[in-house]
Amino acid sequence: GMKIDAMLNDFPQIKANHTTKIMVHDAAANMTNGARVHSGSVYENLVCIDHLLNTSLKHAETKTPEIKELFTKCKALAQRLHQSTSDAKRLQKACQTLKVDSLKIIQPCVTRWNSNYMMLYSIHAMKKALQHVKFDKDTKDELAVLIPYAIEFDIIEYMKDILEVFKKMSEKWSSDKRPTLQLILEDMVNLESFVDRRINRYRDYEDGQIAKFLKNL
């Protein structure tokens, strides 16, 4: 925290009377502590809403073992297809056979917002080809076991659609073309309403695991 404070002291301060000066920062502990130490009577400090949104999604994943297990499986699939040329070629050949557009399966990154959504989107888009590979007798067991089953593809589809709403919100809020602070309160109310509706929709689906994920947000 003190190092952040020292760095902030090097920044030129805004010289203006009768104004509220606000520092927006991420929710990392060192940034929060540094901003608190530095701000005093100089700045009000606010945690970035995009960072909070991303943190809440990570928390929900951690607290919902069934969803975390599925995400872990998808991440392992993405990693294998990135590392194994033969497996990647097998999937590409399946795309050609089935006349499916070949997409790169996205590997999520912990520091990249919305990357879980992009992973699920790419896997769902390749569903037909992936299922073809999974049940091909020549496919190695190490690859086949990482490809989701039909019910898992259903969950991927529903989770993808949910995460897409969060993605659109975060992209809107992080726009560098226009101010967005005035949009957040209304958007958060709408987002809460969306989550409540989806909880009710998926309450009894597959032991309520999607509903549990949403409740943990």
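Details of the structure are given in the entry above.
Quick look at the structure, then. (Residues numbered from 1 in each chain as written. Predicted model: local features only at pLDDT ≥ 70, side-chain atom pairs only at ≥ 80, totals over all residues. Heavy atoms only, no water.)

Here we take up the overall build of the protein. Across its full length, the protein carries 11 helices and two strands. Taking all 217 residues of the protein together, the buried fraction comes to 38%. Across the protein, contacts joining residues at least 24 apart in sequence account for 65% of those joining residues at least 6 apart. When the accessible surface of the protein is split by element, carbon and sulfur atoms take 52% of a total near 13300 Å². (Helix = DSSP H or I, 4+ residues; strand = E, 2+ residues; numbered from the N terminus. Buried < 20%, exposed > 50% of the residue type's maximum accessible area, 1.4 Å probe, protein only. Contact = heavy atoms within 4.5 Å. Areas by Shrake-Rupley, 256 points an atom, 1.4 Å probe, with all protein chains shown as cover.)

Another point: the packing of aromatic side chains. This structure, assessed with the given rule, holds four aromatic pairs. Three or more aromatic residues joined by ring pairs make a cluster, and in this case those are Y158, Y202 and Y205. Directly above the aromatic system of Y149 lies the positively charged group of K134, at a separation of 3.9 Å from the ring centroid. (Phe/Tyr/Trp six-rings, centres within 6.5 Å; stacked < 30°, edge-to-face > 60°. Lys NZ or Arg CZ within 6 Å of the ring centre and 35° of its normal.)

All right, on to a nonpolar patch on the surface then. Side chains of F135, Y149 and I151 sit close together on the surface and give an oily, nonpolar patch of about 340 Å² of accessible area. Checked against the element boundaries, I151 lands in helix 9 (residues 150-173). Judged by relative accessible area, which is 35%, I151 ranks as partly exposed. (Patch = residues over 30% accessible without salt bridge, like charges linked within 9 Å, V, L, I, M, F, W, Y side chains within 5 Å. Salt bridge = Lys/Arg side-chain N within 4 Å of Asp/Glu carboxyl O.)

Another point: the pattern of salt bridges. Counted under the stated rule, the structure contains 10 salt bridges. Residue D87 pairs with R80 through a salt bridge whose shortest N-O separation is 2.5 Å. By relative accessible area, R80 is classed as partly exposed at 22%. Here D138 and K137 are joined by a salt bridge, their closest N and O atoms 3.5 Å apart.

This part is about the nonpolar core. Residues L77, L120, I123, L130, M159, I162 and I210 are the most contacted members of the largest nonpolar core, which totals 45 residues. The element that contributes the greatest number of residues to this core is helix 9, accounting for nine residues. Setting aside its immediate chain neighbours within four residues, I123 contacts C74, L77, I105, L130, P148, F153 and I156. (Core = buried A, V, L, I, M, F, W, Y, C linked by side-chain atoms within 4.5 Å.)

As for its placement among the helices and strands, F71 is situated in helix 4 (residues 65-83). Along the primary structure F71 and E61 are separated by 10 residues, whereas in three dimensions their C-alpha atoms are 8.4 Å apart. Setting aside its immediate chain neighbours within four residues, F71 contacts E61, N116, M119, L120, M159 and L163.

The next subject is helix 3 (residues 49-63). Here helix 3 spans 21 Å end to end across 15 residues, near enough to the 21 Å set by a 1.5 Å rise per residue. Tucked inside the fold, the buried residues of helix 3 contact helix 4, helix 6 (115-125), helix 9, helix 10 (184-201) and helix 11 (209-215). (Expected span 1.5 Å × (residues − 1).)

Here E61 is to be found in helix 3. Classification of E61 by relative accessible area gives buried; the value is 10%. A distance of 3.4 Å separates a polar atom in the side chain of E61 from a polar atom in the side chain of K75. The contacts of E61, once residues within four sequence positions are left out, are K68, F71, K75, N116 and F213. (Polar contact = N/O pair within 3.5 Å; in protein donor to acceptor, adjacent residues only side chain to side chain.)

A few words now on the environment of C109. One can find C109 in the loop between helix 5 (85-98) and helix 6. Placed 34 residues apart in sequence, C109 and K75 show a C-alpha to C-alpha distance of 9.8 Å.

As a packed pair, helix 3 and helix 9 sit with axes 9 Å apart at the nearest point and diverge in direction by 160°. What the angle tells us is that helix 3 and helix 9 run roughly antiparallel. Between helix 3 and helix 9 lies a crossing whose hand is left-handed. Where helix 3 abuts helix 9, its residues I49, D50, L53 and L57 lie against L163, F166, M169, S170 and W173. (Axes fitted to C-alpha atoms, helices over the stretch in contact; angles between N-to-C directions. Parallel < 35°, antiparallel > 145°, perpendicular 65-115°, else oblique. Left-handed = near helix turned anticlockwise from the far one by under 90°.)

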